[in-house]
Amino acid sequence: MKNKLLCMSLLLGFILFPGFSQKKLTIVTTMFPQFDFTRAVAGDKADITMLLKPGAESHSYEPTPKDMKKIHKADLFIYTGAENDAWAESLLKNMGSKAPKTLAFLELVDTVEEEIVEGMTAEEEEHHHDDEEVELDEHVWTSPLNAVKIVSAICDELCKLDAANADYYKKNAAKYIDELLTLHKSFEEVVKNANRKIFVFGDRFPLRYFADLYGLEYYAAFPGCATDVEASASTIKFLINKVKEEKIPVVFTIEFSNGKIADTICEATGAKKLEFHSCHTVSADDIKKGETYISLMKRNVIVLREALK
C-alpha cells in the first residue's frame with residue numbers, strides 16, 4: 001500500500017510540477033567542431049543539433065527559417081564567430097533579450113589573422129586596406145590545445161545551465177581533455193623526430209593554428225578561407241619547385257577537395273598525395289561511422305609522420 005501511495009505521489013508531482021522531471025538541454029551548433037566537442041561533454045544530457053549539413057561548404061552557409069527557429073528556442077548556441085558567422089551576430093542582435101546563451105569559439109582562444117605566404121594565390125578581396133577590418137583565421141580548433149580551452153569553456157557553460165548534472169559534464173570534459181592532450185603529445189613526438197619541418201598543401205590551408213603550435217613551416221595554394229579552386233600558374237610553379245628543392249615526399253589536400261592542384265604538383269614531382277583533415281566538416285558517411293575530432297586527428301598524426309620523414 002505504501003509503495004502504491006509513493007508511486008501516486010511521484011506521478012502527481014510530475015503532473016503538477018513538470019520541471020520536477022529532468023529536461024534535456026537543447027543546444028544548437030553551427031559546424032562539426034562545435035557539434036563534436038559539445039556531444040563529448042554533454043553526452044546524453046542534451047539534444048544537440050548541427051546546422052551545417054554533412055559535406056556542405058560552411059563559407060556559403062545561410063540559415064533557413066527553420067534554423068533560425070531552432071537557435072531562438074535553444075538553451076545554448078555555439079558558433080565560430082567573425083566574418084563567416086556575420087549572419088549569426090546579426091540574428092542574435094535582432095533577438096535582443098530573447099536570444100539564447102552563446103559561445104563563440106573565436107572569443108575563447110587567442111586568434112591570428114589570415115596570412116598570405118610566399119607563392120600563395122591571393123584573392124583580390126583579401127588585400128585589405130588600412131581602414132578595413134582584417135579577417136581573422138577562424139580555424140582555431142585545428143590546434144589540440146585550443147580544443148582543450150574550448151572544451152573547458154563548453155563544460156563551464158553546461159554546468160551553469162544545468163547545475164544538477166555538473167559532475168557528469170566535468171567528468172566527461174576531463175576524460176576528453178585527457179584524449180586531446182594525448183593527441184597533442186602524439187603530434188609533438190612526430191615533429192620532434194621529423195627530418196623536416198615543412199609541409200605543402202596543394203589546396204587551401206586552414207591549419208595556421210596547427211602549424212604555429214608545432215613550429216611547422218607551410219606552403220599552400222590559398223589561405224584557409226579562400227573560395228578559389230584554381231590556383232595561378234605562378235603558384236603551381238612555385239609549389240612544384242619547392243617540393244623538388246626540399247624533396248618533399250607528400251603533398252596534402254583537405255577534405256572535400258577536388259585534388260586537382262595537388263595532382264598537378266605530384267605528377268611533376270613524384271610526391272604522394274594524401275589528405276590532411278581540417279575537421280571543418282564531415283561527410284554523411286563519416287557521421288554514420290562515428291568519426292570524431294579525435295579519430296580524424298589521429299589519421300592526421302599518421303599522414304604527418306609520412307610527410308615529415
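Everything discussed here concerns the structure shown above.
Attention in this report is confined to the structure presented alongside it. Since this is a predicted model, take the numbers as computed values, not measurements.

Overview of the side chain of Gln34
Stage number 1. Here Gln34 shows up in helix H2 (residues 32-42).
Stage number 2. By relative accessible area, Gln34 is classed as buried at 0%.
Stage number 3. A polar side-chain atom of Gln34 sits 3.4 Å from a polar atom in the side chain of Thr30.
Stage number 4. Ignoring any residue separated from it by four or fewer positions in sequence, one finds Gln34 in contact with Thr29, Ile78, Tyr79, Thr80 and Phe105.

Description of the pattern of salt bridges
Stage number 1. Applying the stated rule across the entire model yields eight salt bridges.
Stage number 2. Where Lys273 meets Asp263, a salt bridge forms, and the shortest distance between an N and an O atom there is 2.9 Å. Pair noted here: Lys273 is in strand E8 (residues 272-275) and Asp263 is in helix H9 (residues 260-269), with a separation of 10 residues, a long-range link.
Stage number 3. Residue Lys273 is classed as partly exposed on the basis of its relative accessible area, which comes to 37%.
Stage number 4. Assessed through its relative accessible area of 29%, Asp263 is described here as partly exposed.
Stage number 5. Here the salt bridges do not stand alone but share partners, grouping Glu115, Arg208 and Asp212 into one network.

A look at the sheet that holds strand E4 (residues 101-104)
Stage number 1. What the four strands build is an open sheet, ordered E2-E1-E3-E4; its pairing is parallel. With partners counted over all chains shown, the strands left at the sheet margins are strand E2 (46-50) and E4, one partner each. Here the average twist between neighbouring strands, direction ignored, is 20 degrees.
Stage number 2. Two strands pair when backbone bridges link them, and strand E3 (residues 76-79) and E4 are joined in this way by four bridges, in the parallel orientation. By the bridge assignment for E4, Tyr79 is matched with Ala104.
Stage number 3. Strands in contact with helix H4 (residues 86-95) are E3 and E4; relative to E3, the strand with the most contacts, it is inclined by about 155 degrees.

Here we look at the nonpolar core
Stage number 1. Ranked by internal contacts, the top residues of the largest apolar core, which has 81 residues, are Phe37, Phe199, Phe210, Tyr293 and Leu304.
Stage number 2. With 10 residues, the single largest contributor to this core is helix H6 (residues 166-192).
Stage number 3. Formed by 18 residues, the second largest nonpolar core is a distinct cluster that contains Val200, Phe222, Phe238 and Ile265.

Considering the packing of aromatic side chains
Stage number 1. Under the defined criterion, the tally for this structure stands at 22 aromatic pairs.
Stage number 2. Seen from their ring centres, Phe187 and Phe210 are 4.8 Å apart, and the 85 degrees between their planes marks the pair as edge-to-face. One end of the pair, Phe187, is in helix H6; the other, Phe210, is in helix H7 (residues 208-214), with 23 residues separating them in the sequence.
Stage number 3. For Phe187, a relative accessible area of 0% corresponds to the buried category.
Stage number 4. Look at Phe199 and Phe252: their rings are 6.3 Å apart centre to centre, the planes differ by 85 degrees, and that puts the pair in the edge-to-face class. Taken together, the residues Phe199 in strand E5 (residues 198-205) and Phe252 in strand E7 (residues 250-253) connect sequence positions 53 residues apart. Each member of the pair, Phe199 together with Phe252, is buried.
Stage number 5. The rings of Phe187, Phe199, Phe201, Phe205, Phe210, Tyr214, Tyr218, Phe252 and Phe276 are connected pair by pair, giving a single aromatic cluster.

Section: the state of the cysteines
Stage number 1. Scanning the model with the defined rule gives zero disulfides in all.
Stage number 2. Residue Cys155 stays outside any disulfide, its sulfur separated by 4.1 Å from that of Cys159, the closest cysteine.

What to know about unusual backbone geometry
Stage number 1. You will see that Lys247, though not glycine, has its phi angle at about 55 degrees, which is positive.
Stage number 2. Lys247 sits in the exposed class, given a relative accessible area of 64%.
Stage number 3. The phi angle at Phe256 is positive, at roughly 65 degrees, despite the residue not being glycine.
Stage number 4. With respect to the helices and strands, the residue Phe256 is situated in the loop between E7 and H9.
Stage number 5. Using a relative accessible area of 47% as the deciding quantity, one classes Phe256 as partly exposed.

Procedures and definitions
Residues numbered from 1 in each chain as written. Predicted model: local features only at pLDDT ≥ 70, side-chain atom pairs only at ≥ 80, totals over all residues. Heavy atoms only, no water. Helix = DSSP H or I, 4+ residues; strand = E, 2+ residues; numbered from the N terminus. Buried < 20%, exposed > 50% of the residue type's maximum accessible area, 1.4 Å probe, protein only. Polar contact = N/O pair within 3.5 Å; in protein donor to acceptor, adjacent residues only side chain to side chain. Contact = heavy atoms within 4.5 Å. Salt bridge = Lys/Arg side-chain N within 4 Å of Asp/Glu carboxyl O. Pairing = 2+ DSSP bridges. Axes fitted to C-alpha atoms, helices over the stretch in contact; angles between N-to-C directions. Core = buried A, V, L, I, M, F, W, Y, C linked by side-chain atoms within 4.5 Å. Phe/Tyr/Trp six-rings, centres within 6.5 Å; stacked < 30°, edge-to-face > 60°. Disulfide = S-S within 2.5 Å.

Everything listed here is a matter of geometry and, on its own, says nothing about what the molecule does.
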